[in-house]
Amino acid sequence: MKTGKISLRLERMHLSVRQPGSLPLHSAWASCLLLTIGCSGGSSPSPAFPQPVKPTPAIAVAVSGGSQVRIGSTVQFVAVVTNTSNTAVTWQVNGVDGGAATIGTISGSGSYTPPAVLPNPNIVTITAVSQALTSAIGALSETVLNPLPVIGSVAVMTTGSSSVLDVLGTGFVSGSSLQVMGVGVPTTFISGTELKATVTLPVGTTTVAVDVVNPDPGGSASATAQVQAYQATVATAARLLDQATFGPTLNDIQHVQNVGVSGYLTEQFNTPATLLPTIAIPAPTICVNTTTPCEESEWWQAVITGPDQLRQRVAFALSEIFVVSTDSVNARAVTTFQNTLANDAFTNYYTIMQDVSLSPAMGAYLNMLNSYKPGTVNGVVQIANENYPRELMQLFTLGINQLNADGTLQLDESSQPIPVYTEAQVQAFARAYTGWTYANVSGIGAPAKYPNVANYTMPMAALESAHDISAKILLNGTTLPSGQTAEADLAAALQNIFAHPNVGPFVCRQLIQHLVMSNPSPAYVGRVAAVFANNGSSVRGDMKAVITAILTDSEARAGDTNPIANASAGHLREAMLYMTNLIRGLNFTNNDALADNDVVANASYNSLGNYTGALGEKPYTSPSVFNFFPPEYVIPATSSNAPEFALENTASAVLRLSLANTVVYNKISGFNVDLSATSALGLTASKTGNAVTDSGALVDSLGLIFQHGQMSSAMRTAIVNHVAGLTDIGQRVRVATYLVITSSQYKIAN
């Protein structure tokens with residue numbers, strides 16, 4: 001029988017072969033089983049059993065890496081691909097290949113860089129897609145955090161009462177905030193490396209803790225900044241300068257903030273006097289006809305430019321107590337008199353009394369010069385002149401009635417004032433002051449007779465032959481014995497007055513009026529008068545102690561923190577102080593070629609008196625010994641003691657407006673001030689381009705200079721609203737300045 005083979009491929013077949021007496025045979029070759037059946041000689045086939053085949057595993061991708069990352073840094077991810085030889089992956093952020101700027105980018109190697117700005121939401125999905133099988137992916141969630149801020153440096157720049165913190169570093173974002181001394185402050189985001197904030201720091205602060213806090217999710221960083229240790233607020237500094245100088249300047253305000261009130265007073269007490277030069281002979285051109293313009297010119301220059309501002313201001317106050325006037329005195333003698341007051345301003349009140357008494361200007365003005373002892377000379381009856389002794393007591397030292405220690409009147413049992421002195425005592429003092437005349441031209445020794453040549457530069461000298469040597473009964477029963485010299489009688493007579501209890505309250509009240517306020521309380525006067533009586537070291541009349549007491553008293557400083565603490569405080573700015581305040585505050589410069597020439601008078605400085613003269617004041621030109629205004633002047637129809645208002649009327653009010661207009665339009669002869677668009681105030685008025693914002697900054701700058709940074713909100717709003725509509729920046733500056741310096745709030749120095 002012929003033999004052969006048949007091959008069969010069985011796919012997915014289930015075969016069951018059952019033989020007698022046997023179990024079914026399940027095919028182990030159910031899938032793709034190859035059977036080979038051989039036939040030979042009718043014999044039965046022999047089956048072959050194949051081995052099983054394992055299934056292929058699926059491709060998988062696993063991703064690992066950090067779970068959060070801060071803006072500004074990166075995080076590395078790793079993708080592991082299994083069950084394939086192709087391990088390459090495509091990286092995605094939120095399903096975007098390679099990511100995008102708003103959600104962050106990821107490199108081909110798996111390095112993820114967060115976006116510059118925190119995404120919303122701040123959780124992104126990082127995905128690795130198998131390049132062998134795109135359905136095979138691995139993913140994880142990544143939290144994006146704001147950067148951790150790092151402070152590199154903190155600069156502190158203080159202007160007025162505010163300090164600007166300039167914080168440099170890294171990791172700052174929009175929304176980063178500054179905390180100063182643990183308190184959050186409004187913060188300006190400049191860039192990712194700079195933040196700024198304006199804060200008010202406590203006086204005396206030397207260091208300040210600064211924190212940068214980034215918005216959530218984020219973090220914070222801390223630093224300590226060195227701060228200029230301010231010893232006074234801007235209001236205190238500016239108000240002190242208003243009281244103690246001829247006008248605040250920005251530089252001086254900053255300086256007083258640095259050194260404090262007591263530090264500034266100490267500096268000023270140690271600053272040498274600025275003295276007026278002797279008027280040349282022959283006189284300069286502007287003084288050919290009269291030497292008064294020379295004296296006035298030098299006075300203006302000294303009080304405006306002198307570094308000894310407190311000394312000059314006190315000398316000015318003394319000149320309005322011890323009055324002399326060029327109306328009847330040679331200006332050369334007045335120049336010497338001014339220097340006497342400047343030199344003596346910080347000495348002792350007795351020294352001032354003595355030097356004023358021997359001044360040739362006072363001698364000529366109130367007739368102590370050449371006052372002869374009673375008797376008959378060449379057939380002419382001589383009487384000791386009573387003018388100086390009367391005014392010395394009435395106006396310069398005692399007043400006319402007995403005072404209590406606080407300056408209030410003492411009353412008798414009939415409730416009437418009690419006179420301090422009698423006419424007989426005036427006559428006794430007059431005789432005590434006889435025998436004084438001009439010193440020799442050389443100034444050495446006393447003259448043998450009344451000289452024919454006036455010596456205006458040296459103290460008067462005694463001519464003993466003209467002095468009354470009889471006994472004199474003075475105050476409180478004190479008797480000057482007979483036979484004393486002119487020098488001895490003068491010294492004893494002045495000591496008799498100086499020791500009187502009226503001197504302290506009478507003089508101190510006037511000094512307070514000239515420096516601080518028109519109507520001080522009796523308590524204020526009493527506190528200062530107590531210092532006059534005893535400076536703490538049993539010294540009477542110590543001017544440094546008295547001035548310190550006046551300027552540091554609680555009433556003087558009350559307005560530093562509360563400008564309306566005392567509605568009756570302050571005083572009207574008299575014309576000369578109004579002028580000097582404007583010149584100094586607006587930083588006028590003198591453009592006269594002779595401005596600093598001590599030999600040839602400066603005509604431009606002299607011209608300032610032309611403006612103030614129209615308002616009732618020029619240096620040393622008082623119409624009487626009672627000064628330009630009496631200390632006891634009361635505003636009509638009121639009970640307000642306000643001396644300077646004696647010069648205020650409808651005409652002077654209008655003329656002051658005219659003067660202000662002259663100032664802002666730069667028409668002060670011989671002077672220049674820049675109020676243009678390119679000036680410091682002009683740049684302030686146009687800094688941001690926002691008219692209201694810039695006008696506010698301009699008005700605040702003017703308010704700092706002229707109103708101690710304490711301008712009322714109503715006044716500020718009114719001026720800002722008015723000038724914001726002016727597109728010409730120079731005009732905006734001029735109008736704002738005019739409105740400030742003509743306001744009632746500025747006219748009253750408070």
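How each quantity is defined
- Residues numbered from 1 in each chain as written.
- Predicted model: local features only at pLDDT ≥ 70, side-chain atom pairs only at ≥ 80, totals over all residues.
- Heavy atoms only, no water.
- Helix = DSSP H or I, 4+ residues; strand = E, 2+ residues; numbered from the N terminus.
- Buried < 20%, exposed > 50% of the residue type's maximum accessible area, 1.4 Å probe, protein only.
- Contact = heavy atoms within 4.5 Å.
- Areas by Shrake-Rupley, 256 points an atom, 1.4 Å probe, with all protein chains shown as cover.
- Axes fitted to C-alpha atoms, helices over the stretch in contact; angles between N-to-C directions.
- Parallel < 35°, antiparallel > 145°, perpendicular 65-115°, else oblique.
- Left-handed = near helix turned anticlockwise from the far one by under 90°.
- Nonpolar A, V, L, I, M, F, W, Y, C, P; charged D, E, K, R; others polar.
- Pairing = 2+ DSSP bridges.
- Expected span 1.5 Å × (residues − 1).
- Core = buried A, V, L, I, M, F, W, Y, C linked by side-chain atoms within 4.5 Å.
- Disulfide = S-S within 2.5 Å.
- Phe/Tyr/Trp six-rings, centres within 6.5 Å; stacked < 30°, edge-to-face > 60°.
- pLDDT = per-residue confidence, 0-100.

Attention shifts here to the overall build of the chain. Tallying secondary structure elements over the chain gives 22 helices and 33 strands in all. Considering the chain as a whole, with its 750 residues, one finds that 47% of them fall into the buried category. Contacts in the chain between residues far apart in sequence, at least 24 positions, make up 64% of those at least 6 positions apart. Surface exposure of the chain reaches about 33,400 Å², of which carbon and sulfur atoms provide 56%.

Attention now goes to the packing of helix α12 (residues 522-533) against helix α13 (residues 543-552). When two helices pack together, you describe them by how their axes are tilted relative to each other and by the distance separating the axes. At a minimum axis separation of 8 Å, α12 and α13 run at an interaxial angle of 160°. Accordingly, the angle class assigned to the pair α12 and α13 is roughly antiparallel. For the pair α12 and α13, the crossing hand works out as right-handed. On the side of α12, the interface is formed by Tyr524, Val528, Val531 and Phe532, while α13 contributes Ala545, Val546, Ala549 and Ile550. In terms of residue class, the contact of α12 with α13 is built from 8 nonpolar, no polar and no charged.

Moving on, we come to the sheet that holds strand β12 (residues 104-106). Strand order in the open sheet made by the 4 strands is β7-β13-β12-β11, with antiparallel pairing throughout. Each having just a single partner strand, β7 (75-76) and β11 (99-100) make up the two edges of the open sheet. Where β12 and strand β13 (residues 111-113) come together, 2 bridges link them in antiparallel fashion. Counted as the bridge partner of Ile106 is Tyr112 from β13.

Both strand β17 (residues 162-170) and strand β21 (residues 194-199) contribute to a ladder of 6 bridges, which runs antiparallel. Directly across from Val164, in β21, lies its bridge partner Thr198. Remark: 2 residues form the turn of the hairpin made by strand β20 (residues 188-191) and β21, two consecutive strands paired antiparallel.

The subject of this paragraph is helix α3 (residues 292-305). Look at α3: 20 Å from first C-alpha to last across 14 residues, which is about the 20 Å you get at 1.5 Å a residue. Of all 14 residues in α3, 13 are buried; the element is thus mostly enclosed.

Turning to the nonpolar core, a few remarks are in order. Among soluble globular proteins, nonpolar side chains are generally buried collectively. Residues Phe322, Tyr349, Tyr433 and Ile550 are the most contacted members of the largest nonpolar core, which totals 141 residues. Among residues more than four places away in sequence, those in contact with Tyr349 are Leu318, Ile321, Phe322, Phe396, Thr397, Phe498, Val503, Val507, Phe532, Gly541 and Met543.

Under the definition given, this model contains 1 disulfide. Disulfide pairing places Cys287 opposite Cys294 at an S-S distance of 1.7 Å. An S-S torsion of about 125° defines the bridge between Cys287 and Cys294 as right-handed. Since its relative accessible area comes to 2%, Cys294 is described here as buried.

Moving on to unusual backbone geometry. A negative phi angle characterises most non-glycine residues, just as the trans form characterises most peptide bonds. A cis amide bond links Asn120 to the next residue, Pro121, at an omega of 5°. Within the secondary structure, Pro121 sits in the loop between β13 and β14 (123-130). Of note, the bond from Asp216 into Pro217 is cis; its omega dihedral lies within 30 degrees of zero at -10°. With respect to the element layout, Pro217 can be found in the loop between β22 (207-213) and β23 (220-226). The backbone of Asn367 shows a phi angle near 65°, a positive value even though the residue is not glycine. With respect to the secondary-structure elements, Asn367 resides in the loop between α7 (360-365) and β24 (375-377). Classification of Asn367 as partly exposed rests on a relative accessible area of 31%. The phi dihedral of Asn476 is positive, around 55°, even though this residue is not glycine.

One pass over the structure, following the stated rule, counts 18 aromatic pairs. Note on Trp299 and Phe316: the rings are 5.8 Å apart at their centroids and 55° apart in plane angle, and the pair reads as tilted. Of the two residues, Trp299 is situated in helix α3 and Phe316 in helix α4 (residues 309-319); the sequence distance between them amounts to 17 residues. Centre to centre, the rings of Phe322 and Tyr349 are 5.8 Å apart; their planes meet at 40°, and the pair counts as tilted.

So, on to helix α10 (residues 486-498). Spanning 13 residues, α10 covers 18 Å between terminal C-alpha atoms, matching the ideal 18 Å at 1.5 Å per step. Ala486, Asp489, Leu490, Ala493, Leu494, Asn496, Ile497 and Phe498 are the residues of α10 that are buried.

On to the sheet that holds strand β10 (residues 96-97), then. The sheet built from 5 strands is open, its strands ordered β6-β15-β14-β9-β10 with mixed pairing. Across the chains shown, the open sheet's two edge strands, defined by having one partner strand only, are β6 (68-70) and β10. Direction of pairing for β14 relative to strand β15 (residues 137-145): antiparallel, over a ladder of 7 bridges. Bridged to Thr127 within β15 is Ala139.

Pairing of β20 with β21, which is carried by 3 bridges, proceeds in the antiparallel orientation. Bridge assignment links Phe189 to a residue of β21, and that residue is Leu195.

Here we take up the packing of helix α2 (residues 250-269) against α13. Viewed as axis vectors pointing N to C, α2 and α13 meet at an angle of 150°, and their least axial separation amounts to 11 Å. Here α2 lies roughly antiparallel to α13, going by the angle between them. As for the relative orientation of α2 and α13, their crossing is right-handed in sense. Across the interface between the two elements, Val261, Leu265 and Phe269 from α2 touch Lys544, Ile547, Thr548, Leu551 and Thr552 from α13. Split by residue class, the contact of α2 with α13 holds 5 nonpolar, 2 polar and 1 charged.

This paragraph deals with the confidence of the model for the chain. Put simply, the chain has an average pLDDT of 89, and 89% of its residues get 70 or more. Counting interchain partners and residues more than four positions distant, the pLDDT-below-50 stretch residues 1-42 has 49 contacts. In the model, residues 595-601 has pLDDT below 50 throughout and makes 19 contacts with residues more than four positions away in sequence or in other chains.

Moving on: the environment of Gly204. Among the secondary structure elements, Gly204 is positioned in the loop between β21 and β22. As a C-alpha pair, Gly204 and Thr233 span 29 residues in sequence and 9.6 Å in three-dimensional space.

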